[in-house]
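These are the residues of each chain, in order.
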Amino acid sequence: MCMPHGSGVKQDNGYIKTKEKKNIQRVSQDQFEHGDPNFVDERVSKNEQEKQSSLYERIFGK
């Protein structure tokens, strides 16, 4: 005979797991629309990497 999922006996081990509340500050509407003026973009674009060293330059130099 099949048992329903909720019919199992649950044991209480006395441990209560509490979730930490997420505290994310909201930004102002002006900063949301125009971005952070102190942001520094450290990404390197793929085009700059390809221009810096092509296969020809790696083999023969320039």
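Since we're looking at a predicted model, the values are computed, not measured. (Residues numbered from 1 in each chain as written. Predicted model: local features only at pLDDT ≥ 70, side-chain atom pairs only at ≥ 80, totals over all residues. Heavy atoms only, no water.)

Caption draft 1: How the structure looks around the overall build of the protein. Along the protein, the regular secondary structure elements total 3 helices and 0 strands. Residues classed as buried in the protein amount to 0% of the 62 residues present. (Helix = DSSP H or I, 4+ residues; strand = E, 2+ residues; numbered from the N terminus. Buried < 20%, exposed > 50% of the residue type's maximum accessible area, 1.4 Å probe, protein only.)

Caption draft 2: Region of the structure containing a nonpolar patch on the surface. A cluster of nonpolar side chains, Leu 55, Tyr 56, Ile 59 and Phe 60, forms an exposed patch at the surface whose accessible area comes to about 520 Å². Structurally, Phe 60 can be placed in helix H3 (residues 55-60). When its relative accessible area of 59% is taken as the criterion, Phe 60 is described as exposed. (Patch = residues over 30% accessible without salt bridge, like charges linked within 9 Å, V, L, I, M, F, W, Y side chains within 5 Å. Areas by Shrake-Rupley, 256 points an atom, 1.4 Å probe, with all protein chains shown as cover. Salt bridge = Lys/Arg side-chain N within 4 Å of Asp/Glu carboxyl O.)

Caption draft 3: Main features of the confidence of the model for the protein. Of all residues in the protein, 69% have pLDDT values of 70 or greater, and the mean over the chain is 76. The least confident element of the protein, judged by mean pLDDT, is helix H2 (residues 46-52) at 60; the most confident is helix H1 (residues 29-34) at 89. (pLDDT = per-residue confidence, 0-100.)

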